[in-house]
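Examining the three-dimensional arrangement
Given next are the chains, with one letter for each unit.
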Amino acid sequence: MATLVERAHELRPLIEEQAAAAEQERRLAVPVVGALTDAGLMSMCTPAAYGGAETDPVTLIEAIEAVAIGDGAAGWC
């Protein structure tokens, strides 16, 4: 199974493809939100007891960085 950071890198093409639309609409594109959620990236800080990844700080930053390479706003989210 891929790590959170690997999954974040795998999403880069989709994130880059949707970046212009996200900028124009002033919100993340629905496919990007879905992909981030499906990859477990939207629940990295959620405790495992509540179904989240309970990610350590280094992994959290590396995953955010990987997403932000594709689109800074997506990394921020």
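Before reading further, recall that the structure is shown in the block above.
First things first, this report covers the structure right here in the doc. (Residues numbered from 1 in each chain as written. Predicted model: local features only at pLDDT ≥ 70, side-chain atom pairs only at ≥ 80, totals over all residues. Heavy atoms only, no water.)

**As for the side chain of Gln18**
Counted only if it meets this: In this text, helices come from DSSP runs of H or I with a minimum length of four residues, and strands from runs of E with a minimum of two, each type numbered from the N-terminal end. Between buried and exposed lies partly exposed: a residue is buried under 20% and exposed over 50% of the maximum accessible area for its type, with that area taken using a 1.4 Å probe on protein chains only. Two residues form a contact once any of their heavy atoms are found within 4.5 Å.
Considering the arrangement of structural elements, one finds Gln18 in helix α2 (residues 12–25). Assessed through its relative accessible area of 17%, Gln18 is described here as buried. Residues within four places of Gln18 in sequence aside, it is in contact with Ala29 and Val32.

**Overview of the nonpolar core**
Rules: Think of a nonpolar core as a cluster: buried Ala, Val, Leu, Ile, Met, Phe, Trp, Tyr and Cys residues, connected wherever their side-chain atoms sit within 4.5 Å.
Formed by 18 residues in total, the largest nonpolar core has its most connected members in Leu11, Ile15, Leu36, Leu41 and Val67. Listed by contribution, the elements that provide at least two residues to this core are α1 (4–10), α3 (30–38) and α4 (57–70). By residue number, the principal contributor to this core is α4, which donates four residues. Each residue touching Val67, except ones within four places of it in the same chain, is listed here: Ala8, Ile15, Leu36, Leu41, Ala74 and Gly75.

**Considerations on the pattern of salt bridges**
The following threshold applies: By definition, a salt bridge exists where a carboxyl oxygen of Asp or Glu is found within 4 Å of a side-chain nitrogen of Lys or Arg.
Inspection of every chain in the model, using the stated rule, returns one salt bridge. One salt bridge in this structure joins Arg12 and Glu16, with 2.8 Å as the shortest N-O distance. You can see Arg12 and its partner Glu16 sitting in helix α2, four residues apart, about one turn around the helix. In this structure Arg12 comes out as partly exposed when scored by relative accessible area, which is 35%. In this structure Glu16 comes out as partly exposed when scored by relative accessible area, which is 39%.

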